[in-house]
Amino acid sequence: MSRLIVISNRVSAATGQLSGAQGGLAVALTAALREYRGLWFGWSGELTEEFTGQINFNREAGVTTATVDLEEQDVDEYYNGYANRTLWPLFHYRIDLAEYERDFAGGYQRANERFAHTVQPLIEPDDVVWVQDYHMIPLGLELRKLGCRNRIGFFLHIPWPPRRLLNTLPEARQLVETMFAYDVIGFHTDEWLQSFREYAVAECRGSYSDGVMAVGDQKVLLIVCPIGIDAKEFTELANSEAARGVCERMQESANGRAMIVGVDRLDYSKGLEERFLGYERFLVDNPEERKEVFLLQIAPPSRDAVESYQRIRAGLEGLSGRINGAHADIDWVPIRYVNQNYPRDVLAGVYRAAKIGLVTPLRDGMNLVAKEFVAAQDPDDPGVLILSRFAGAAAQMKQALLVNPHSAEEISDAICTAISMPREERVERWRKLQKINLEQDVRWWRQRFTDALMAAPVRERAPAQ
Ligand code: ADQ
């Protein structure tokens with residue numbers, strides 16, 4: 001049987017200590033790696049004076065990880081630069097925040113070449129290689145240049161932007177052309193796949209039929225493969241003693257009021273300002289109900305080194321302060337805004353205590369918080385999920401109350417609908433949502449991708465470079 005080689009920016013063996021998307025992903029990939037006796041390669045997260053390509057092997061939880069340190073300049077240009085200041089905003093449709101610098105593009109290319117040279121000697125002829133996410137788009141081609149004929153797949157965890165936005169990136173076409181070196185490319189939704197397809201056809205002279213994009217003599221299979229969570233495990237977690245304790249504490253502190261919860265990495269793509277404004281609209285438009293609710297927003301800071309993240313953080317502090325200042329009473333504060341990370345069982349208990357999950361990204365590859373909120377609910381008395389139409393999760397989670405997060409009125413209306421939704425309707429909607437959660441979970445996701453990849457034909461020997 002072939003081995004599976006997973007390559008991603010950061011490597012994290014599933015030791016149970018990880019949280020969030022990284023944790024869920026680590027569990028899924030680790031299970032796959034165990035099954036296929038694989039190897040997980042990536043950046044250690046550490047700096048080194050001078051890049052040597054020296055690999056640190058580690059064996060943990062039955063999985064071998066191989067990590068490499070990067071130079072400070074690589075981290076500045078590749079990670080903080082091209083990945084987080086160029087591709088992340090652009091791929092989330094924020095060209096107003098995207099920074100196009102040749103040094104970033106150069107550093108990104110250099111880091112990917114370094115990754116390829118370092119990992120290539122570890123790849124055996126029968127291995128199957130699975131590259132993860134936007135940090136590593138050109139890696140497949142770099143491996144091909146080194147003679148790698150293996151099956152190589154790529155999965156994009158974030159949205160794929162529309163063609164006209166992508167065209168603002170100076171090296172867009174070259175970047176997309178590197179992707180034809182892959183055998184399979186996976187996206188969370190059909191919308192992202194169609195955007196990729198449109199770009200490749202219009203700008204790279206690709207032709208598309210039956211899921212296969214052909215460019216010259218290269219062919220790549222495009223698949224929709226929405227990621228899930230480990231829903232069964234998360235539901236069990238929400239029923240654990242620790243989570244029940246947290247749930248009770250939250251209910252006590254809610255003092256009979258309905259809790260609305262938001263949980264997000266502090267990122268401009270998550271629509272936090274829009275959420276606060278929509279909630280404020282609800283407070284203004286519903287003087288009778290307003291003191292019946294409060295919003296708990298959990299948002300741990302991320303990517304502090306990037307200025308746009310410092311700005312969003314300051315903006316949210318100002319906005320929550322203003323809303324609380326304008327609306328709070330001596331016995332009630334409308335927004336509890338906290339910036340901490342919490343263990344997963346605490347989060348599960350918090351979700352469980354909430355009557356409404358408010359998930360309003362302006363653009364999101366998938367959004368796992370929406371799925372976690374559903375998995376944590378009490379089947380007999382579930383809360384209501386309000387979900388942005390622009391999250392990838394909306395394509396699967398049609399029984400949520402879908403809103404346009406740019407419209408404060410729609411958010412406000414949805415809160416009203418959710419508060420007064422009869423139990424029967426809540427139960428009916430929740431059952432359908434949880435069914436999808438369980439059927440299309442994180443194991444389903446990795447199986448769907450690896451099945452497609454394993455079925456791809458092996459390439460002819462790559463031309464000598
Ligand atoms: P993210 O945008 O980081 O990842 P998202 O899907 O929003 O991921 O999930 C965030 C995760 O972080 C959740 O699992 C949540 O529980 C966790 N988290 C958030 N706040 C936390 C806190 N305070 N304490 C502990 N955990 C917290 C990218 C893409 C997404 C895509 C995922 C997976 O941007 O669109 O869904 O990858 O492909």
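Note that the coordinates shown come from a computational prediction; the quantities given were computed from them, not determined experimentally.

About the criteria used
Residues numbered from 1 in each chain as written. Predicted model: local features only at pLDDT ≥ 70, side-chain atom pairs only at ≥ 80, totals over all residues. Heavy atoms only, no water. Helix = DSSP H or I, 4+ residues; strand = E, 2+ residues; numbered from the N terminus. Rg over C-alpha atoms; globule rule 2.2 N^0.38 Å. Buried < 20%, exposed > 50% of the residue type's maximum accessible area, 1.4 Å probe, protein only. Contact = heavy atoms within 4.5 Å. Areas by Shrake-Rupley, 256 points an atom, 1.4 Å probe, with all protein chains shown as cover. Near = heavy atom within 4 Å. Polar contact = N/O pair within 3.5 Å; in protein donor to acceptor, adjacent residues only side chain to side chain. Domains from an automatic or database assignment. Salt bridge = Lys/Arg side-chain N within 4 Å of Asp/Glu carboxyl O. Nonpolar A, V, L, I, M, F, W, Y, C, P; charged D, E, K, R; others polar. Axes fitted to C-alpha atoms, helices over the stretch in contact; angles between N-to-C directions. Left-handed = near helix turned anticlockwise from the far one by under 90°. Pairing = 2+ DSSP bridges. Phe/Tyr/Trp six-rings, centres within 6.5 Å; stacked < 30°, edge-to-face > 60°. Lys NZ or Arg CZ within 6 Å of the ring centre and 35° of its normal.

## Observations regarding the overall build of the protein chain
- Looking only at helices and strands, the protein chain has 16 helices and 16 strands in total.
- The C-alpha atoms of the protein chain give a radius of gyration of 23 Å, which matches the 23 Å a tight globule of 465 residues would have.
- Taking the principal axes of the C-alpha coordinates as reference, the protein chain spans close to 75 × 50 × 40 Å.
- A buried classification covers 58% of the 465 residues belonging to the protein chain.
- Considering only intrachain contacts with a sequence separation of at least 6, the fraction spanning at least 24 residues in the protein chain is 77%.
- Here the protein chain has roughly 19,600 Å² of accessible surface; of this, 46% comes from carbon and sulfur atoms.

## Here we look at the site of the ligand
- Near the ligand there are 24 residues, and of these H157, K270, D364, L368 and E372 occur at the shortest range.
- Measuring from an oxygen atom of the ligand, one finds a side-chain N or O atom of H188 at 3.2 Å.
- Here an oxygen atom of the ligand sits 2.5 Å away from a polar atom, N or O, in the side chain of E372.
- The protein chains hide 92% of the 720 Å² of surface that the ligand would expose on its own.

## So, unusual backbone geometry
- Look at R205: it is not a glycine, yet its phi comes out positive at around 55 degrees.
- Secondary-structure assignment places R205 in the loop between helix 7 (190-204) and strand 8 (207-209).
- The class for R205 is exposed, based on a relative accessible area of 77%.
- For R303, which is not glycine, the phi torsion reads 50 degrees and is therefore positive.
- When you line up the elements, R303 lands in the loop between strand 12 (293-298) and helix 11 (307-327).

## Concerning the domain arrangement of the protein chain
- Structurally, the protein chain comprises domain 1 (4-228 + 443-454) and domain 2 (231-439).
- A straight line from the C-alpha centre of domain 1 to that of domain 2 covers 30 Å.
- Opposite the 25 residues of domain 1 that make contact, domain 2 presents 23 residues.
- At the junction of domain 1 with domain 2, the criterion picks out 1 salt bridge.
- Our count for the contact surface shared by domain 1 and domain 2 stands at 5 residue pairs in polar contact (both at pLDDT 80 or more).
- Secondary-structure elements contributing two or more residues to the side of domain 1 that touches domain 2 are helix 1 (20-35), helix 2 (72-91) and helix 7.
- In terms of residue count, helix 2 provides more of the side of domain 1 that touches domain 2 than any other element does, 5 residues in total.
- Considered class by class, the residues forming the side of domain 1 that touches domain 2 number 13 nonpolar, 9 polar and 3 charged.

## Some words on the packing of helix 2 against helix 3 (residues 102-119)
- As a packed pair, helix 2 and helix 3 sit with axes 8 Å apart at the nearest point and diverge in direction by 115 degrees. Note on packing geometry: the crossing formed by helix 2 with helix 3 is left-handed. In contact with Q73, D74, D76, E77, Y78, G81, Y82, R85, T86 and L87 of helix 2, helix 3 contributes D103, F104, A105, G107, Y108, R110, A111, N112, R114 and F115.
- A per-class count over the contact of helix 2 with helix 3 returns 8 nonpolar, 5 polar and 7 charged.

## As for the sheet that holds strand 8
- The 10 strands lie next to each other as 3-4-2-1-5-6-7-10-9-8, forming an open sheet whose pairing is mixed. The sheet is open, and its two edges are formed by strand 3 (56-60) and strand 8, each paired on a single side. Ignoring which end each strand starts from, the neighbouring axes of this sheet average 25 degrees apart.
- Alignment of strand 5 (residues 128-132) against strand 6 (residues 151-155), held across 5 bridges, turns out to be parallel.

## A look at the sheet that holds strand 13 (residues 335-338)
- Pairing is parallel across the open sheet formed by 6 strands, whose spatial order is 13-12-11-14-15-16. Where the open sheet ends on each side, the last strands, each with one partner, are strand 13 and strand 16 (401-403). Recorded for the sheet is a direction-independent mean angle of 20 degrees between the axes of neighbouring strands.
- Summarising the sheet, strand 15 (residues 384-388) and strand 16 pair through 3 bridges and their orientation is parallel. Its bridge partner lying in strand 16, S388 is registered against V403.

## So, the pattern of salt bridges
- Under the counting rule described, the total for this entry stands at 32 salt bridges.
- For the salt bridge of E71 with R114, the shortest nitrogen-to-oxygen distance reads 3.5 Å. With E71 in strand 4 (residues 63-71) and R114 in helix 3, this pair connects stretches of sequence that are 43 residues apart.
- Owing to a relative accessible area of 15%, E71 belongs among the buried residues under this scheme.
- K435 is paired through a salt bridge with E439; the nearest N and O atoms lie 3.1 Å apart. With K435 and E439 both in helix 15 (residues 423-439) and 4 residues apart, this pair spans about one turn of that helix.

## Comments concerning the packing of aromatic side chains
- With the rule as written, the count across this model stands at 21 aromatic pairs.
- Where W160 meets F187, the ring centres are 6.4 Å apart and the plane angle is 85 degrees; that geometry is what we call edge-to-face. Linking W160 in the loop between strand 6 and helix 5 (163-166) with F187 in strand 7 (residues 184-187), this pair joins segments that are 27 residues apart in sequence. Assigned by exposure class, W160 and F187 land together as buried.
- Through successive ring pairs, a cluster of aromatic residues spans F41, Y78, Y82, Y108 and F115.
- Directly above the ring of W88 sits R303, whose terminal nitrogen or CZ lies 4.1 Å from the centroid.

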